[in-house]
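# Report on the structure
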Amino acid sequence: EDWRVYQVWWGHKAPMASTSSDLSNVAGVNSHNSVHEKKLFVSGLPKLSSQPELELRVAELERAFRKYGGAQGANVICPPNSTFAFVELETERQTDLALREMGSRYRLNRARRSEHEAL
């Protein structure tokens, strides 16, 4: 049997089923990129639970990424009891530069969008 799987849009659109395999006109198909352009995921950090330790980590990461953050600096999100943090910069170019230059100091990857951000 020949099975095809389609993402379904339950909006006010004409029927989407067709004999062609071109889905470019279907709402929601290939419309988002799962990688966040301006946000970095910093992993492999020691687990911290107290508020003063978390504030020190945020300050350390803000200092480390300050030169890549532009006029507003780097926005750091560090959840409690975790071994990771997010660093958001102003532009995609600054993020690329930080990823290249700070990759030897920290374990860095591009952050992925959550389901809510992607839609």
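An account of the accompanying structure is given in this report. Just so you know, these numbers come straight off a predicted model, no measurement behind them.

What the four strands build is an open sheet, ordered β2-β3-β1-β4; its pairing is antiparallel. Pairing within the sheet leaves two strands with one partner each, and these edge strands are β2 (75-77) and β4 (107-112). On average, adjacent strands in this sheet sit at an angle of 30° to one another, irrespective of strand direction. One ladder, built from five bridges, connects strand β1 (residues 35-43) with strand β3 (residues 84-88); its direction is antiparallel. Following the sheet pairing, Ser43 is matched in β3 by Phe84.

Moving on to the packing of aromatic side chains. In total, this model carries five aromatic pairs according to the counting rule given. Residues Phe41 and Phe86 carry aromatic rings whose centres are separated by 5.5 Å and whose planes lie at 55° to one another, so their mutual orientation is tilted. Taken together, the residues span a long stretch of sequence, with Phe41 in strand β1 and Phe86 in strand β3 at a distance of 45 residues. The class for Phe41 is partly exposed, based on a relative accessible area of 24%. Residue classification places Phe86 among the partly exposed residues on the basis of a relative accessible area of 23%.

Each α-helix winds once per 3.6 residues, and so residues spaced three or four apart point in a common direction. For helix α1 (residues 51-64), spanning 14 residues, the distance from its first C-alpha to its last is 20 Å, which sits close to the expected 20 Å at 1.5 Å a residue. For α1, the set of buried residues is Leu54, Arg57, Leu61 and Ala64. Down the axis of α1, the buried set is contained in an arc of 95°. They therefore lie on one face. Residues Pro52, Leu56 and Arg63 are exposed on α1 and point more than 90 degrees away from its buried face. At its buried positions, α1 is contacted by β2, β3 and α2 (92-102).

Thresholds, definitions, all that
- Residues numbered from 1 in each chain as written.
- Predicted model: local features only at pLDDT ≥ 70, side-chain atom pairs only at ≥ 80, totals over all residues.
- Heavy atoms only, no water.
- Pairing = 2+ DSSP bridges.
- Helix = DSSP H or I, 4+ residues; strand = E, 2+ residues; numbered from the N terminus.
- Axes fitted to C-alpha atoms, helices over the stretch in contact; angles between N-to-C directions.
- Phe/Tyr/Trp six-rings, centres within 6.5 Å; stacked < 30°, edge-to-face > 60°.
- Buried < 20%, exposed > 50% of the residue type's maximum accessible area, 1.4 Å probe, protein only.
- Expected span 1.5 Å × (residues − 1).
- Arc of directions from axis to C-beta.
- Contact = heavy atoms within 4.5 Å.

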